[in-house]
Amino acid sequence: MTSTITPDLIAQHQLTPGEYRKIVDILGREPTYTELGIFSVMWSEHCSYKSSRLHLKKLPTRGKLVVQGPGENAGIIDIGGGYVIAFKIESHNHPSFIEPFQGAATGVGGILRDIFTMGARPIAVLDGLRFGRLDDPQTGPRNRRILSGVVAGIAHYGNCFGVPTIGGECAFEPCYDGNPLVNVFALGIAKKEDIFYAKATGAGNPVIYVGARTGRDGIHGASMASAEFTEESKQKRPNVQVGDPFMEKLLLEACLEAMRTGAIVGIQDMGAAGLTCSTCEMGSRGSVGIEIELDRVPQRETGMSPYEIMLSESQERMLLVAEKGREEEVFRVFRKWGLEAAEVGIVTADGKLRVKQHGQVVAEIPNRELADEAPLYDRPHTPKPPALAAPRELPAADIQRALPALLAAPDICSKRWIWQQYDYQVRTNTLAGPEAADAGILRIKETGSSVAMSLDGNGRYSFLSPREGAQLAVAESCRNLSVVGAQPLAATNCLNFGNPERPEIMAQLVEAIEGMAEACRVFETPITGGNVSLYNETLGEGIYPTPVLGIVGLMKTAAPVTIPFKRAGRSVILLGGAGTCDTARFGGTQYAKEILHQLWGLPPALDMDYEKRVQSAIREIVGAGLAESAHDVSDGGLAVALAECGFGPAGIGAQIDIPSDLRPEFLAFHEGPSRIIISTADPKRAAAIAEKHGVPAAAIGVTIEGSMEIRQRGITLGSWELATLKSAYDGALESYVR
Amino acid sequence: MKARVFVSLKSTVLDPQGQTVRSALNGLGYHGIAGVRQGKFFDIALAEGVTREQAQKEIETIAHEVLANPVIEEYRVEILD
Amino acid sequence: MKFGVIVFPGSNCDHDAFYAVTANLGEKAEFIWHDSASLGDVDAVILPGGFAYGDYLRCGAIAKFSPVMQAVRKFAAAGGPVLGICNGFQVLVEAGLLPGALIRNRGLKFICREVRLRTETTDSPFTAAAQKGQVLRVPIAHGEGCYFADDRTLDELEAEDRVVFRYLDNPNGSLRDIAGILSRERNVMGMMPHPERASDPLMGSADGLVVFQSLIRGQATQPRNSADIEAIR
């Protein structure tokens, strides 16, 4: 077990000399090679949040419905009727670049385990995806391969497991060329009394390993996810884990059934850092020690060293602590499902993680220091706003031609090619699946209520202003829920950033967290958990700061209010008004990106108090059954949103006339928030509700069959056959992928 | 002793995977490729003491009953030392 | 009426089928585990969608050897109605209870979407309550749903009026647009689309209910071969 620890070896483990000294202090001696490996994964950025922890504390995490906040495998909130939902978002960015199919598949697998570890059955998944441009002559072919692989991987895992993928978002920017983002947001349901925690208690209780055997998969995946990509790391392909969704499905059913026996004390999945993370975290949470004998760990390969077994990231494995004397009840369930279960160790009172092989101690580390006293850095953060020149004068706009071009733009066009590969209906709870309504909606059969989910983030906005970008993401996510009539309840976040050791990147992270904290307070959506993914850079090129918010809301179960207009002759109301915009606030729009090929200025201005009133108004209008359709204005602005309302099966468009003094392209395409388009048979009552909330609700037109016409003070800006717009919107992604 | 079972779609059954590979290869400039058909093979390790004849017979049965679906697939068995 | 819903370890539409016949139609149902050699006292069997045993070899290839499939074979031989949905259809063709095979979708990708089905025959316990030619809106969700059989088999299916449903807009390349077929004795049906997912207007369509309603009505009006079924219990 002795191994000389050289400075080189320490550096290879991505530990700094200071961190190494801390390890020696904790142990009171030099670590063994295995111990060095264990520390390196637990103290990696991915597991320890050492750069972000200090700032994450600024986020609001409490609320009257929050049952479990950050620190567990998933956050939990009470949805009434004796039920809770568990939800969380996870990134699997780096593995998805190295091997898109397996990287994305195991990303889904990991977050699903986080959910059912809590005793909750996963019932929905949403994905936040970012790729490089598909049409770039140089990088396009690779980006298309990554997109195809990621989507197929998500589909493979989720479909086989039997969880519906009900929505998400997807955007394309050159900055994601060598660094795609794959963020998976999963949600599960449990009875309140059936929640389980990843906590080991009771000295003498057996520690049981279940699921797939351990192989040499993904060793050092956690530290890989914490380093920039270099040419060398592209060679690390064997690191990538392979997922087995069928095994995961068995594990789900077996774990939920085993939990019902009452013989399980605590349970945690083996995700990043595998056996290491699950043992020391469970021990630390319960203030106990855990001793394991590696000879008893089911192994897929021969001759594995303690280092390899402890650091393996083989998928579909769980660690649980059972009540002493009731092991057989647990084993019986796993046998029924054809799964291997082995008693690998015991809970001890000494607070240490003790690892043995062939009876010899190969590692002995105090749990708490290892799991909870990882280094904490207050990294320098100096904002460096991007130096982007605004155009001196905007070229004359051709709205007639710009709208179909925008509808075919990769960020805006229909993502049907993606989501049609996902089973979005399994479990028959999906009231609104992908692109049906502004949020995904799932009925909860057990309670008569429904859960709405939305996933939002905008890298361009956040690049221009990390603080405002994060606030806009919170606002949009809450707005999407409100548009379908749901009350936003709680959030989970995925913070995708570059190298935090660079002060300007660290500043993006700090500002985004602070902006998000402020917005989550205003919208009363505490953050109950999430994920930080740093070092998203390839060869020194960082991604846009990309905070992604997953927010859940609650509503009564009812026929969903969907996006498309349903009938001709209805009033079209622009709740929240036409908004304001100037040149600076126009630089982050899709019009600027796709038509002007530029990025400048600031994101759209957000007034959070006003936004909140707009959301209250739409919830009340929808709740009163007054909205036949509802859709918020976001990417691409008002004209794009109106066109999207025209893409329903009924083929209903609208004739719109807005008395506004904005420049025509601002009116048509600015992306100012706090605006919602509804169609209604009762504009008076809708307007009365809006007025009560102090929000304008001007009738801007009427629905008509087959076409869309937009006027400004009587002057036509554009007039289109819906079929033309729809074919641009529907066919674009497929044409890029081919 | 080892056995290897090759399973592929019958020539009368459409093989969209093979077609896709072919068109990709042609797209990459390999113009000498006229057709691709995709299949799979199983590497099977035989227990000690099994004779060649036993192995041949048993593997044939397994290939026919389990590894291939005779409605759409054909197979070939190889016994290797 | 009592439905038996077969549960393989990788079934994932078992609860949906159960819910459709119990909550939406008020009938009885029970789950039957894959290693059970008996079906108990059920009146009809549903093989639900999913990935029976992971389906890594071929969809349904391992499931056909399970103990419960022996019981299903006997049940079917005695005239009991057996409905295979999606993966259940794949299991039925692998088990030889229905002819043909289901292969990779023509476009190679998993497809989840609503399709329109034309009801081709009402001479079956699964469609007796429908109208001939009736168009149903029912979702599909599969990667290997392209129906394949040789011409002779296809001709035979047509000649014997055993094609139950055809796609109006063939999503997967199925030969002759076949979405669902019957056994020669007409008491075993396999279909790739999911009627249980179209069993509640809230979910967008209730058109799939007619499949289960046909079974319920048939059982109420003419208890078929009940003595035979009793005999195998």
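Residues numbered from 1 in each chain as written. Chains lettered and ligands numbered in written order. Predicted model: local features only at pLDDT ≥ 70, side-chain atom pairs only at ≥ 80, totals over all residues.

A. View of the overall build of chain C. A count of helical and extended segments in chain C gives six helices and 11 strands. For 233 residues, the compact-globule estimate of 2.2 N^0.38 gives 17 Å, and the C-alpha radius of gyration of chain C, at 16 Å, lies within 12% of that figure. Overall, chain C is about 45 × 40 × 35 Å in size when its C-alpha atoms are taken along their principal axes. Burial statistics for chain C: of 233 residues in total, 58% are counted as buried. Sequence-distant contacts, at least 24 apart, represent 76% of the contacts inside chain C between residues at least 6 apart. (Helix = DSSP H or I, 4+ residues; strand = E, 2+ residues; numbered from the N terminus. Rg over C-alpha atoms; globule rule 2.2 N^0.38 Å. Buried ≥ 20, exposed ≤ 12 C-beta atoms within 10 Å, placed from the backbone. Contact = placed C-beta atoms within 7 Å.)

B. Geometry of the interface of chain B and chain C. With nine residues of chain B at the interface, the matching set in chain C holds 11 residues. Every element with two or more residues in the side of chain B that touches chain C is listed here: helix H1 (16–27) and helix H2 (52–67) of chain B. Top contributing element to the side of chain B that touches chain C by residue count: H1 of chain B, with three residues. Its residues assigned to classes, the side of chain B that touches chain C comprises six nonpolar, three polar and no charged. (Nonpolar A, V, L, I, M, F, W, Y, C, P; charged D, E, K, R; others polar.)

C. Broad picture of the sheet that holds strand E1 (residues 2–9) of chain B. Residues and elements named next belong to chain B. Pairing in this open sheet of three strands is antiparallel, and the strands run E2-E1-E3 from one edge to the other. At either margin of the open sheet sits one strand with a lone partner, and together these are strand E2 (39–45) and strand E3 (73–80). Taken over all neighbouring pairs, the strand axes of this sheet differ in orientation by 15° on average, direction set aside. With respect to the sheet, H2 is in contact with E1, E2 and E3, its orientation differing from that of E3 by roughly 160°. (Pairing = 2+ DSSP bridges. Axes fitted to C-alpha atoms, helices over the stretch in contact; angles between N-to-C directions.)

D. Local environment of the pairing of strand E24 (residues 652–658) of chain A. All names here are of chain A. By the bridge criterion, five bridges tie E24 to strand E26 (residues 697–705) in an arrangement that is antiparallel. Across the sheet, residue isoleucine 652 finds its bridge partner in E26, namely glutamate 705. As paired elements, E24 and strand E27 (residues 707–712) share five bridges and run parallel to each other. Pairing of aspartate 657 across the sheet is with arginine 711, part of E27.

E. Expanded view of the arrangement of the chains. Here two pairs of chains make contact, and the pair sharing the most contacts is chains A and C. These two, chain A and chain B, are apart from each other, with no contact and a minimum C-alpha gap of 11 Å.

F. Broad picture of the interface of chain A and chain C. With 20 residues of chain A at the contact, the number on the chain C side is 21 residues. Where the side of chain A that touches chain C is concerned, the elements lending two or more residues are helix H8 (140–161) and helix H10 (245–260) of chain A. Residues of the side of chain A that touches chain C, tallied by class, amount to 10 nonpolar, seven polar and three charged.

G. A look at helix H25 (residues 722–737) of chain A. Residues and elements named next belong to chain A. The end-to-end C-alpha separation of H25 is 24 Å, in line with the 22 Å expected for 16 residues at 1.5 Å each. Where H25 is concerned, the buried positions are Leu722, Leu725, Lys726, Ala728, Tyr729, Ala732 and Leu733. Those residues of H25 hidden inside the fold are in contact with helix H15 (399–407), helix H16 (416–419), helix H22 (637–645), E24, E27 and strand E28 (715–721). (Expected span 1.5 Å × (residues − 1).)

H. Summary view of the packing of helix H18 (residues 466–483) of chain A against helix H21 (residues 608–623) of chain A. Residues and elements named next belong to chain A. Two elements in contact, H18 and H21, have axes separated by 9 Å at closest approach and are oriented at 15°. Considering the angle they form, H18 stands roughly parallel to H21. Relative to H21, the crossing made by H18 is left-handed. Taking contact as the criterion, the partners of Gln471, Ala475, Cys478, Arg479, Ser482 and Val483 in H18 are, on H21, Met608, Glu611, Gln615, Ile618 and Arg619. In the contact of H18 with H21, the residues fall into five nonpolar, three polar and three charged. (Parallel < 35°, antiparallel > 145°, perpendicular 65-115°, else oblique. Left-handed = near helix turned anticlockwise from the far one by under 90°.)

I. Representation of the sheet that holds strand E8 (residues 264–269) of chain A in the model. Residue and element names in this part refer to chain A. Strand order across the open sheet formed by seven strands is E8-E10-E7-E11-E9-E12-E13, with mixed pairing between neighbours. Edge strands, defined here as strands with exactly one partner in the open sheet, are E8 and strand E13 (360–366). Strand after strand, the sheet turns through a mean of 25° between neighbouring axes, direction not considered. Taken together, the four bridges between strand E9 (residues 289–293) and strand E12 (residues 352–357) define a ladder with parallel strand orientation. Within the sheet, the bridge partner assigned to glutamate 291 lies in E12 and is arginine 354. Helix-sheet contacts for helix H3 (residues 33–42) involve E12 and E13, and the interaxial angle to E13 is about 35°. Helix H13 (residues 327–336) rests against strand E7 (206–211), E8, strand E10 (317–322) and strand E11 (341–348) of the sheet, and its axis sits at about 150° to E11.

J. Main features of the nonpolar core. Met42, Leu407, Val484, Leu575 and Leu642 of chain A are the most contacted members of the largest nonpolar core, which totals 329 residues. Counting residues per element, this core draws most heavily on helix H19 (residues 503–522) of chain A, which supplies 11 residues. Val5, Ile59, Leu67 and Val77 of chain B belong to the second largest nonpolar core, which has eight residues in total. (Core = buried A, V, L, I, M, F, W, Y, C linked by C-beta atoms within 7 Å.)

K. Up close: the pairing of strand E4 (residues 121–131) of chain A. Residue and element names in this part refer to chain A. The element E4 is largely enclosed, with a buried count of 10 among its 11 residues. Where E4 meets strand E5 (residues 165–172), seven bridges bridge the pair, whose relative direction is parallel. Bridged to valine 125 within E5 is threonine 165. Following the backbone out of E4, through H8 and into the adjacent parallel E5, one traces a crossover that is right-handed. (Right-handed = clockwise from strand over helix to strand, strands pointing away.)

L. Representation of the environment of proline 16 of chain B in the model. Relative to the helices and strands, proline 16 of chain B resides in helix H1. Proline 16 of chain B sits in the partly exposed class, given 17 other C-beta atoms within 10 Å. Expressed as a C-alpha distance, the spacing of proline 16 of chain B and valine 36 of chain B, which sit 20 residues apart in the sequence, is 9.8 Å. Apart from residues no more than four positions distant in its own chain, proline 16 of chain B is found in contact with Arg104, Arg106 and Leu108 of chain C.

M. Examining the environment of glycine 107 of chain C more closely. All names here are of chain C. Within the fold, glycine 107 resides in the loop between strand E5 (101–103) and strand E6 (111–119). Classification of glycine 107 as partly exposed rests on a count of 16 C-beta atoms within 10 Å. Distance in space between the C-alpha atoms of glycine 107 and alanine 20 is 30 Å, their sequence separation being 87 residues.

Any functional reading would require information beyond the geometric quantities listed.
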